[in-house]
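Spelled out, the chains give:
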Amino acid sequence: MKINKMYWLLLPGLLFLTVFMLIPIILTIGSTFVQEGKPTLEGYLYFFRDAYFNRILLTTLRVSVFTTVICIALGYPVAYYISRLGTRKKGILLALSIFPLLTSPVVRSFSWMIILGRKGLVNNALVATGIVDKPIEILYTPTAMIIGLVHLFLPLIIITLVGVMENVDSELIRAAESLGASRFTALRKVLFPLTIPGLIIGSVLVFVGSLTAYTTPALLGGKERVISTFLYQNAMTLNDWYLASVIATIMILITLVVVGLMNKVATKLNPKG
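Residues numbered from 1 in each chain as written. Predicted model: local features only at pLDDT ≥ 70, side-chain atom pairs only at ≥ 80, totals over all residues. Heavy atoms only, no water.

Some words on the pattern of salt bridges
Two side chains that carry opposite charge are able to pair once their charged atoms sit near each other. Overall, the coordinates contain 4 salt bridges when judged by the stated rule. One salt bridge in this structure joins K90 and E166, with 3.0 Å as the shortest N-O distance. Placement of the pair is K90 in helix α5 (residues 87-98) and E166 in the loop between α8 (142-165) and α9 (170-178), with a sequence separation of 76 residues. For K90, a relative accessible area of 15% translates into the label buried. (Salt bridge = Lys/Arg side-chain N within 4 Å of Asp/Glu carboxyl O. Helix = DSSP H or I, 4+ residues; strand = E, 2+ residues; numbered from the N terminus. Buried < 20%, exposed > 50% of the residue type's maximum accessible area, 1.4 Å probe, protein only.)

Here is the structure:
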């Protein structure tokens, strides 16, 4: 009886999500399969037949994958270091890690525009040191978008991994070392498998966030389109809500596929969960 009463506490949240998220998503997806009152797949065929649309989709996937990989490479050692600190130092470093999330994405993006521009700090340093003869194009490229997105989403993977790593008993690593394993081997064979759930969650958050981000790609990408800016263009500028719904549905399907693949990878790497 108590369990049944507890379920009632879920009702307000479930009702809110159903009305304001689930139903709109279903209506959006359903509208893409009906045109002029007839069932059709013309929207999807039109999208995937167009080379320009496919290039936008591939650019988006490439940017999202590179952002995720770089965030993992940078965030994993940082998270391990923070997780092994005392409470006070850990709190300070976590606060510093979270700080970029507290800054407006517009402000962050304009800051990177100043840094990455033809007369920005990066190009001035490259020219001054003689590495390049003239400024190189960094701003308004996929590289600029990746840099901005890494800055934006790196805190997510750090926070996620710290929460998992601090629950891993350090005695396990010491035990592996006492049995002859090197520090790197102990981390690879003991720590890494135990942190896979957090790594998967963090990777999904970064990938999906990069896939759907709008402000950073719009400001740092310039004319270089990704799927989120392309959706906005069709909905708000061209007023083509049907194609915008198709694009939104494709984004949702990509997200579901990525989550499913990540879960399979997690199960394969850590069968015991």
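Next comes the rest of the write-up.
Some remarks on the packing of α5 against α8
With their axes 9 Å apart at the nearest point, α5 and α8 run at an angle of 150° to one another. In this view, α5 runs roughly antiparallel relative to α8, as classed from their interaxial angle. Along this stretch, α5 crosses α8, giving a crossing that reads as left-handed. Along its contact with α5, which presents L94, S97 and I98, the element α8 presents P155, I158, I159 and V162. Classifying every residue of the contact of α5 with α8 by side-chain character gives 6 nonpolar, 1 polar and no charged. (Axes fitted to C-alpha atoms, helices over the stretch in contact; angles between N-to-C directions. Parallel < 35°, antiparallel > 145°, perpendicular 65-115°, else oblique. Left-handed = near helix turned anticlockwise from the far one by under 90°. Contact = heavy atoms within 4.5 Å. Nonpolar A, V, L, I, M, F, W, Y, C, P; charged D, E, K, R; others polar.)

Remarks on a nonpolar patch on the surface
Judged by side-chain polarity, L15, F16, L17, V19, F20, M21, I23, I25 and L27 come together as a nonpolar surface patch covering roughly 880 Å² of accessible area. By the element assignment, L27 lies in helix α2 (residues 11-31). We classify L27 as exposed; its relative accessible area is 60%. (Patch = residues over 30% accessible without salt bridge, like charges linked within 9 Å, V, L, I, M, F, W, Y side chains within 5 Å. Areas by Shrake-Rupley, 256 points an atom, 1.4 Å probe, with all protein chains shown as cover.)

What about the side chain of T216?
Tracing the backbone shows T216 in helix α12 (residues 215-221). Classification of T216 as buried rests on a relative accessible area of 4%. Sequence-distant contacts of T216, that is, excluding residues within four places in its chain, are made with S109, M145, G148, L149, L152 and G221.

Some remarks on the side chain of T67
Mapped onto the secondary structure, T67 falls in helix α4 (residues 51-83). A residue is classified by how much of its surface remains accessible, and T67, at 0% relative accessible area, is buried. Polar side-chain contacts of T67 include one of 2.7 Å to the backbone oxygen of V63. For T67, the contacting residues outside a window of four places in its chain are I146, L149, V150, V206 and S210. (Polar contact = N/O pair within 3.5 Å; in protein donor to acceptor, adjacent residues only side chain to side chain.)

Examining α5
The first and last C-alpha atoms of α5 sit 16 Å apart over 12 residues, in line with the 16 Å expected at 1.5 Å per residue. Restricting attention to buried positions, one finds in α5 the residues K90, L94 and S97. In an axial view of α5, the angular spread of the buried residues amounts to 55°, which keeps them on one side of the axis. Within α5, the exposed residues directed more than 90 degrees away from the buried face are R88, K89 and L96. (Expected span 1.5 Å × (residues − 1). Arc of directions from axis to C-beta.)

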